[in-house]
Amino acid sequence: MGIGLIGRKIGMTRIFTENGDSLPVTVIDVSNNRVTQIKKNVTDGYFAVQLTFGKRKATRVNKSEKGHFSKAGVEAGSIAKEFRIQTEEILDQIQYGKIIECNIFKVGQKVDISGVTIGKGYAGTIKLHNFSSNRASHGNSKAHNKPGSIGMAQDPGRVFPGKRMSGHMGNVKRTVQNIEILRVDNERNVLLVKGAIPGSKGGDVIVRPSIKIKK
């Protein structure tokens, strides 16, 4: 495990390779990732680096958070994330308040990206679980899109937990693995990754080195 970055999904576009192939990419803003805490094995029992990203109004920061950010000498961020580290050698190169830039990643590197998927509200079983609808005629009356039987008779007389039924769709944390970095813009502190990632435009995402490298 290594240091990752907190970013914000800007949107999607495409880039062209030297061969003329069109590749879909997602643009991620990872600027101004600042170190707020350094954890070591002696004091905390493990090695880690905490980063913060974004901005927050002073009126939205409570007293304990103000002390935490002021101790590191950084501006209060909208999100904070901790990244575990295997060895202490990396921590020796990091100081409180240091800005971690996007050049810690390289073109062609595989990363895991976590985010909150787009919320789609209340959905039925056909949309949520890919159920098939019932027949449209031949005696079917007002049961075209119903899920069917959900329980049994008197024994056991209940619906078992985990039964796939209607409910909230989306708005859950998801991680996509082994996403390839196609470009690293050091001037703008922007990453261009291949394909789509979870979340809507403006959503916060976590970018970290892949833990399962595909050969």
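Note that the structure is predicted; figures quoted are calculated from it, not measured. (Residues numbered from 1 in each chain as written. Predicted model: local features only at pLDDT ≥ 70, side-chain atom pairs only at ≥ 80, totals over all residues. Heavy atoms only, no water.)

Help me understand the sheet that holds strand S6 (residues 99–100), please; the structure alone is not making it clear to me.
Two strands in a sheet stick together by hydrogen bonds in their backbones, pointing the same way (parallel) or opposite ways (antiparallel). Ordered by their spatial adjacency, four strands build an open sheet running S5-S4-S3-S6, and the pairing between neighbours is antiparallel. The sheet is open, and its two borders are formed by strand S5 (79–85) and S6, each paired with just one other strand. As paired strands, strand S3 (residues 33–39) and strand S4 (residues 47–53) are joined by five bridges and run antiparallel to one another. Bridging across to S4, Val35 finds its partner in Leu51. Lying on the sheet, helix H2 (residues 63–72) is in contact with S3 and S4; it crosses S3 at an angle near 95°. (Pairing = 2+ DSSP bridges. Helix = DSSP H or I, 4+ residues; strand = E, 2+ residues; numbered from the N terminus. Contact = heavy atoms within 4.5 Å. Axes fitted to C-alpha atoms, helices over the stretch in contact; angles between N-to-C directions.)

Can you help me understand the nonpolar core in this one?
One broad rule of soluble globular proteins: the nonpolar side chains tend to lie buried together. With 29 residues, the main nonpolar core has Ile28, Val49, Leu51 and Ile113 as its most contacted residues. Sorting the residues of this core by element identifies strand S1 (5–16), S3, S4, S5, strand S7 (110–116), strand S10 (173–185), strand S11 (190–194) and strand S12 (204–209) as the ones contributing at least two each. Ignoring any residue separated from it by four or fewer positions in sequence, one finds Val49 in contact with Ile3, Val35, Gln37, Lys81, Glu82, Phe83, Ile85, Leu91 and Ile94. (Core = buried A, V, L, I, M, F, W, Y, C linked by side-chain atoms within 4.5 Å. Buried < 20%, exposed > 50% of the residue type's maximum accessible area, 1.4 Å probe, protein only.)

It is not clear to me how the environment of Gly108 should be interpreted in this structure. Could you clarify?
Along the chain, Gly108 falls in the loop between S6 and S7. Gly108 sits 25 residues away from Phe83 along the chain, and the two C-alpha atoms are 22 Å apart. In this structure, Gly108 is in contact with Glu180 and Ile181, ignoring residues within four places of it in sequence.

Explanation requested: the pattern of salt bridges in the structure shown.
Side chains bearing opposite charge may pair, as long as their charged atoms lie close to each other. One pass over the full model with this rule turns up four salt bridges. Linking Arg56 and Glu65 is a salt bridge whose minimum nitrogen-to-oxygen distance equals 2.9 Å. Assessed through its relative accessible area of 26%, Arg56 is described here as partly exposed. (Salt bridge = Lys/Arg side-chain N within 4 Å of Asp/Glu carboxyl O.)

Would you take a moment to explain the sheet that holds strand S2 (residues 22–29) for this structure?
Read once around its circumference, the closed barrel built from six strands follows the order S1-S2-S11-S10-S7-S12, with strand pairing classed as antiparallel. Each strand of the sheet is rotated relative to its neighbour by a mean of 50°, with strand direction disregarded. Sheet topology places S10 next to S11; four bridges connect them, and they run antiparallel. If you follow Val184 over to S11, its bridge partner there is Leu191.

Just to check I follow, could you spell out the environment of Gly20 for this structure?
Here Gly20 shows up in the loop between S1 and S2. A relative accessible area of 47% means that Gly20 is categorised as partly exposed. Put simply, Gly20 and Arg164 are 144 residues apart on the chain and 45 Å apart in space, counted from C-alpha to C-alpha.

Can you walk me through unusual backbone geometry in this structure?
When glycine is set aside, most residues are seen to have a negative phi, and most peptide bonds are trans. Residue Pro156 is bonded to the preceding Asp155 through a cis peptide linkage, with omega at 5°. Examined against the element boundaries, Pro156 turns out to sit in the loop between helix H3 (125–129) and strand S9 (167–169). In this model, Asn32 sits at a positive phi of 60°, which is unusual for a non-glycine residue. The residue Asn32 is located in the loop between S2 and S3 in this model. One non-glycine residue with positive phi stands out, namely Asn130, at about 65°. Here Asn130 is to be found in the loop between H3 and S9. A residue is classified by how much of its surface remains accessible, and Asn130, at 67% relative accessible area, is exposed.

Whenever I open this one, the pairing of S3 confuses me. Can you help?
A regular strand carries its side chains on alternate faces of the sheet. Buried residues dominate S3, accounting for six of its seven residues. Across two bridges, S3 lies against S6 in antiparallel orientation. Pairing of Asn33 across the sheet is with Ile100, part of S6.

What exactly am I supposed to notice about the side chain of Ser114 here?
Inspection of the secondary structure puts Ser114 in strand S7. Among the residues examined, Ser114 registers a relative accessible area of 4% and is labelled buried. At 3.5 Å, the side chain of Ser114 and the side chain of Arg208 are in polar contact. Every residue in contact with Ser114, bar those within four places of it in the chain, is listed here: Lys173, Arg174, Thr175, Asp204, Val205, Ile206 and Arg208. (Polar contact = N/O pair within 3.5 Å; in protein donor to acceptor, adjacent residues only side chain to side chain.)

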